[in-house]
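The residues making up each chain are set out below.
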Amino acid sequence: MRAETSAARTDSSTGDVGGTAHAAPLDLRLAGLAVAAWLTALAGLHLDARRTLLVAAVAASLAGTVTLHLLGLVGRPGPAARRLGWIAVAILIGVVCGGAATSARLTVRDAAPLRVLVDERARVSIELLVRDDPRPVRGGIVGRPPTLLVPTRLVTLTGPQGQRITAPARVLVLADDPAWRGLLPGQRLSAEGRLAAPRGGDLTGAVLMARGAPVRLGAPSALQRAAGRLRAGLQRACAPLPDDPGGLLPGLVVGDTSRLPDTVEEDFRATGMTHLNAVSGSNVAIITGAVLLLARWARAGPALAVGLSGLALVGFVILVRPSPSVVRAATMGAIGLAALAAGRPRAAVPALSAAVAVLVLVDPALAGDAGFALSVLATGGLLALAPGWRDGLRRRGVPPGAAEALAVPAAAQLACAPVIAGLTGTISLVAVPANLLAVPAIAPATVLGVAAAIISPIWPAGAESVAWLAHWPAWWLVLVARYGARLPVGNLPWPGGVSGALLLAGLTVALLVAARRPLVRRLVAVCAVAAMLGSLPVRLIASGWPPKGWVVTACAVGQGDTLLLPVASGRAVVVDAGPDPAAADACLRRLGVRRVPLLVISHFHVDHAGGVAGIFRGRRVDTVLIPQWSEPAVGRDLVRDAAAAHDVSVVPAPAGWRYRAGAVELTVLGPPHPMRGTRSDPNNNSLVLRATVDRVRILLTGDAEIEEQRELRERLSPDLLRADVLKVAHHGSAYQDPAFLDAVRPAVALVPVGAGNTYGHPDEAVLARLARGGARVLRTDIGGDVAVVRSPRGLGVVSTGVDRAGPSR
């Protein structure tokens, strides 16, 4: 007998097993209530408690009026009107429930005593309860301890005047001390720090900028300690493995990505496989499904099999720690078990709807969580779309296993595509085939990884052996992501944000409805194939990025610089590495750079040197050029260590140093001499480069400020400073010599700067002066990657239109 492992694998058709009969309609009786509760909670997170409660009160009044009408107390509706009326009542009840639950939580979030201290940015002593695992902030300063985000719940707070606040408000802790890293959910602690305002859009009442280490008040629960021992045992078992699969396996099994290399994470993101890096409903389904198969193989009855799977589910939740995200995944993965226990496969859709409603009412913050949306949509796609698609493929002669392998990832990806497009501004063309190729490896890697974790406390050597077996399917996943991410047509641009998500959702629904007609289905298939065949050669031969004829590109790497000068196909001179290795590597990937003949570090501040490891990642670097000024030491050591690790020579550059490769000519103009006693000596000892690429003059100024700019203007002839393109120094800060800008007189001014930075960059007066001088000013925080191109008609500019590195602080 063949046992099914999830609700997606149950037959949604009536009649024979081959699926020749028409599919039974989905049971959507609870869907309206669940969606209404979800959307009301989402809207309430951006309102206050009073307005949200008002929405709930209006909905309650309307629900009562419609119910009276349906019961015949006010008028006598017909059958069709009664059906629509009860649907409307269910939706209004969802609004009432979602609004009431969210309003109650908003009252705690916006409590006046806490809000006053937040507005004053008061220093406080606080007692907290940890809600979830601490996690490092991505893109932090390399070479320093990462900033940790610790979700907590307030127990008591003591203000600067001795006032005490006791409320279950959520507090997000930002901490630099490594002692925060080892905290477990459910642990109680005390700390000191300064309060700050949260970003809004969730239930966080305050942000605590923690000072120093926390004081732990007692031990975590026995379950959390047991989970910690198992997770630590899995990490020890994976330690001897190669970095990529060894770092992926704990993330795949228990969501622990602390050792996951940035390159693997970027590849998984580019190929739509990010869900494998975190605990999701698929992990739950694999573990419970494996137990279910074993129980059925042992001829256990349905009730016993479901009971054993339920125990496995509880054990798995304990292993990965019962944080809110894990509880969400367990709820989604348990829906299939609920349907099996009820003996009604069609019960899975009402179970999903009920789970969504209950989770949102218990924790309204989930309504604004992208992970929650993706979990629900993926589960819904598996339930609503995959069975019909599977049966359709089987009717057309596709073998059952292959039909299901094709239908499941396609349905999940189609359901999640609108949210992913809204978050990333792209539509992945490789996600479905990449996830299809990943399917055979996910289950063995997960099951073997869980086995390694379980036996690690009692048999460490055996755990290492099992982890070694598990690393082979994990290695396959790494290879799929790596080669999928390098395909030149893997992602298509799409409008980001809510508007882009709604646009794609509308088109998806319209296509699904229209495709129910055979003629429309054939027309859509023909148009899709024609579009792919027509656009693929164009994108391969003349893809939109990098643009044809580019002479310099400023990449959006956050609050930092990374600029490229093209030498030949696949080769470029790189000037500065930005603050984040992942962002620097992604910049070079987007431009197809596989070799760097020369890497120039203008100075050693981390916003120019912190990402140096990303430049070396997967590509050859021939020479590294550095300034003679060797401070600050953190950036200097990062650069020298990266070069030494790859056996690359490091050359300190004096003024007058020259370089030529392909169409690129470089000359170091400054600093003319070591500059001391300035506002910022590292900035004013930045390498200032004059480059010529295909007869276009480019001036690259690092972070040179007024003192170095004045020295260059006074010592060099005007012809050496004149340039067609200027990389504005120091992210467009106010520390510019106006006469220096006037001497350069650029046609294009590039301003690499991070969105939302706290330094006030760029300075509006500087940008206005450049614009008055005839320059076209381009900022990476607004335009994303920005390239200057040369054509027969002169200079032009091309941008990607989105800051790929996201906000910077």
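Nothing here was measured: the structure is a model prediction, and the numbers come from that model.

Student: Could you give an account of the overall build of the protein, with specific residues and numbers?
Tutor: A tally of regular secondary structure across the protein gives 29 helices and 25 strands. Classification of the 809 residues of the protein by burial places 48% in the buried group. Restricting the contact set of the protein to residue pairs at least 6 apart, pairs at least 24 apart contribute 70%. Accessible area for the protein stands at about 36300 Å²; split by element, carbon and sulfur atoms hold 63% of it.

Student: Provide a residue-level description of a nonpolar patch on the surface, including the pertinent values.
Tutor: Nonpolar side chains collect at one region of the surface, where Val35, Leu39 and Leu42 lie side by side and expose about 240 Å² of accessible area between them. With respect to the helices and strands, Leu42 occurs in helix α1 (residues 31-45).

Student: I'd like to hear about the environment of Pro473, residue by residue, with values.
Tutor: For Pro473, the position within the fold is in helix α17 (residues 460-485). Taking the C-alpha atoms as reference points, Pro473 and Ala438, 35 residues apart in sequence, are found 8.9 Å from one another. In contact with Pro473, not counting residues within four places along its chain, are Ala441, Pro444 and Ala445.

Student: Account for the environment of Gln628, naming residues and giving values.
Tutor: With respect to the element layout, Gln628 can be found in the loop between β15 (620-626) and α23 (633-645). For Gln628, a relative accessible area of 56% corresponds to the exposed category. Those residues in contact with Gln628 that sit more than four places away from it in its chain are Pro652, Ala653 and Pro654.

Student: Quick one: what's the story with the sheet that holds strand β21 (residues 725-727), residue by residue and with numbers?
Tutor: The strand order across the open sheet built from seven strands is β17-β18-β19-β20-β21-β22-β23, with neighbouring strands paired in mixed fashion. Of all the strands in the sheet, the pair left with one neighbour each is β17 (658-661) and β23 (776-779). Pairs of neighbouring strands in the sheet enclose a mean axial angle of 20°, with direction left out of account. Direction of pairing for strand β18 (residues 664-670) relative to strand β19 (residues 688-693): antiparallel, over a ladder of six bridges. Within β19, the residue paired with Val668 across the bridge is Leu689. Against the sheet, helix α28 (residues 764-772) engages β21, β22 (748-751) and β23, with an angle of about 145° to β23.

Student: Outline the packing of helix α2 (residues 49-70) against helix α3 (residues 79-109), supporting the account with residue identities and numerical values.
Tutor: With their axes 8 Å apart at the nearest point, α2 and α3 run at an angle of 155° to one another. One finds that α2 runs roughly antiparallel with respect to α3. In the packing of α2 onto α3, the handedness of the crossing is left-handed. Among the residues forming the contact of α2 with α3, the class breakdown is 18 nonpolar, seven polar and one charged.

Student: Go over the sheet that holds strand β16 (residues 649-652) with me, naming the residues and quoting the values.
Tutor: Across the sheet, which stays open at both edges, the eight strands sit in the order β16-β15-β14-β13-β12-β11-β24-β25 with mixed pairing between neighbours. Strands with a single pairing partner mark the edges of an open sheet, and in this sheet they are β16 and β25 (794-799). Across the sheet, the mean angle from the axis of one strand to that of its neighbour is 20°, orientation sign disregarded. Inspection of the sheet shows strand β11 (residues 550-554) paired to strand β24 (residues 786-791) by four bridges, in the antiparallel sense. Of the residues in β24, the one forming a bridge with Trp550 is Val789.

Student: Before we move on, can you summarise the side chain of His761 with the specific residues and values?
Tutor: Residue placement: His761 occurs in the loop between β22 and α28. Aside from chain neighbours lying at most four places away, what touches His761 is Gln559, His730, His731, Ser733 and Val753.

Student: An account of the state of the cysteines is needed here, citing residue identities and associated values.
Tutor: For the coordinates displayed, the defined rule picks out one disulfide. The partner cysteine of Cys555 in its disulfide is Cys587, sulfur to sulfur 2.1 Å. The disulfide joining Cys555 to Cys587 has a torsion of about 65° about its S-S bond and is therefore right-handed. Of the two residues, Cys555 is situated in the loop between β11 and β12 (563-568) and Cys587 in helix α20 (residues 581-590); the sequence distance between them amounts to 32 residues.

Student: I'd like a rundown of α28, residues and numbers included.
Tutor: Among all positions in α28, only Val766, Leu767 and Leu770 are buried. Each buried residue of α28 sits inside an arc of 95° when the element is viewed along its axis, so together they form one side. Projecting away from the buried face of α28 at angles above 90 degrees are the exposed residues Glu764, Ala765 and Arg772. Here α28 starts with a cap whose side-chain oxygen sits 3.1 Å from the backbone nitrogen of Ala765, and that cap is Asp763. Note on α28: the residue one or two positions beyond its end, Gly774, has a positive phi of about 100°.

Student: Go over α23 with me, naming the residues and quoting the values.
Tutor: Taking 1.5 Å per residue, 13 residues should reach 18 Å; α23 reaches 18 Å between its end C-alpha atoms and fits that length. Residues of α23 that are buried: Gly635, Leu638, Val639, Ala642 and Ala643. For α23, the arc enclosing every buried residue in end-on projection is 120°, short of the 170-degree limit, so these residues lie on one face. Looking at α23, the residues exposed on the side facing more than 90 degrees away from the buried face are Asp641, Ala644 and Ala645. Of the surrounding elements, those touching the buried residues of α23 are α21 (606-609), α22 (612-616), β15 and β16. At the exit of α23 stands Asp647, carrying a positive phi of roughly 55°.

What counts as what
Residues numbered from 1 in each chain as written. Predicted model: local features only at pLDDT ≥ 70, side-chain atom pairs only at ≥ 80, totals over all residues. Heavy atoms only, no water. Helix = DSSP H or I, 4+ residues; strand = E, 2+ residues; numbered from the N terminus. Buried < 20%, exposed > 50% of the residue type's maximum accessible area, 1.4 Å probe, protein only. Contact = heavy atoms within 4.5 Å. Areas by Shrake-Rupley, 256 points an atom, 1.4 Å probe, with all protein chains shown as cover. Patch = residues over 30% accessible without salt bridge, like charges linked within 9 Å, V, L, I, M, F, W, Y side chains within 5 Å. Salt bridge = Lys/Arg side-chain N within 4 Å of Asp/Glu carboxyl O. Pairing = 2+ DSSP bridges. Axes fitted to C-alpha atoms, helices over the stretch in contact; angles between N-to-C directions. Parallel < 35°, antiparallel > 145°, perpendicular 65-115°, else oblique. Left-handed = near helix turned anticlockwise from the far one by under 90°. Nonpolar A, V, L, I, M, F, W, Y, C, P; charged D, E, K, R; others polar. Disulfide = S-S within 2.5 Å. Arc of directions from axis to C-beta. Polar contact = N/O pair within 3.5 Å; in protein donor to acceptor, adjacent residues only side chain to side chain. Expected span 1.5 Å × (residues − 1).

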